[in-house]
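Chains, contacts and geometry: an overview
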Amino acid sequence: DSYPEDDLARAPPILQSQGFRVQPSWLFNFLRDPSSQLRPWLDIRMPTFPFSDQQATSIVHSFSAHDKVPFPYLSLSVDTPRGKELDEVKAMVAELRCFACHTSGEPAPGQDRSSLAPNLMLAKHRLRPDWVTAWIKNPQSLQEGTKMPSFFTPDDMSTVMYPKYCGGSQEKQIQMLSDYVMSLSDGASGKPQAALQKPAEKKKR
């Protein structure tokens, strides 16, 4: 069934490019038990189907084959931001106001739960790092009409959009943001949201 345009927040996720988007192990477990919701604050969820392990594996394999990505999945390494780089990426996340829409654990007080984007704390278990990088770079190219803002200029990556970070390099900023998202741990729950309730402090250089 279709959803009214003003109620798209309640619509199920788009299946386009799921093979490229998610890790096969996560999709397999989700098909077998969809009770672990991406948006638990909604009162709707995917039905539980009696898939056997073989049937669930076949579905996951078909998504990977459709998007021409490796199956079985080989994990990609992620460079976890630390020290000054971590401070820098947190400042950029604050400036871009990522947690105005996303959460990292439970939604912050006052957030409109019905229109929240997925919990970023689940990214490292759910998403492929290369998809996260491509999504941050140009979300419209992966899902036309998405509410995710386009922060960068993919047609001309030499443009300096945010000179305060990574020497103004869009490529480095995108990779830094991707690594940060893919390294959020359970212990980070709530901390980024709390930090983003006020403007990021200017850092001395």
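Let me sum up the structure you'll find in this document.

About the criteria used
- Residues numbered from 1 in each chain as written.
- Predicted model: local features only at pLDDT ≥ 70, side-chain atom pairs only at ≥ 80, totals over all residues.
- Heavy atoms only, no water.
- Helix = DSSP H or I, 4+ residues; strand = E, 2+ residues; numbered from the N terminus.
- Buried < 20%, exposed > 50% of the residue type's maximum accessible area, 1.4 Å probe, protein only.
- Contact = heavy atoms within 4.5 Å.
- Disulfide = S-S within 2.5 Å.
- Core = buried A, V, L, I, M, F, W, Y, C linked by side-chain atoms within 4.5 Å.

Let's shift gears to the environment of C101. Checked against the element boundaries, C101 lands in the loop between α4 (83–96) and α5 (123–126). On the basis of relative accessibility, which here comes to 42%, the residue C101 falls in the partly exposed class. Setting aside anything within four residues of it in sequence, one finds C101 in contact with L116 and A117.

Before going further, it helps to spend a moment on the state of the cysteines. Considering all chains together, one arrives at zero disulfides under this definition. Cysteine C101 is unpaired, with the sulfur of C98 as its nearest cysteine sulfur at 8.9 Å.

In this section: the nonpolar core. With 38 residues, the main nonpolar core has M92, F152 and L177 as its most contacted residues. Those elements that provide at least two residues to this core are α2 (24–32), α3 (53–66), α4, α6 (129–137) and α8 (170–181). Look past the residues within four positions of F152 in its chain and what remains in contact with it is M92, I136, K137, Y162, Q170, Q173, I174 and L177.

With an omega of 0°, the peptide bond between F71 and P72 qualifies as cis. Position of P72 among the secondary structure elements: in the loop between α3 and α4. Although it is not a glycine, S17 adopts a positive phi angle of roughly 65°. Inspection of the secondary structure assignment puts S17 in the segment before α1 (18–21).

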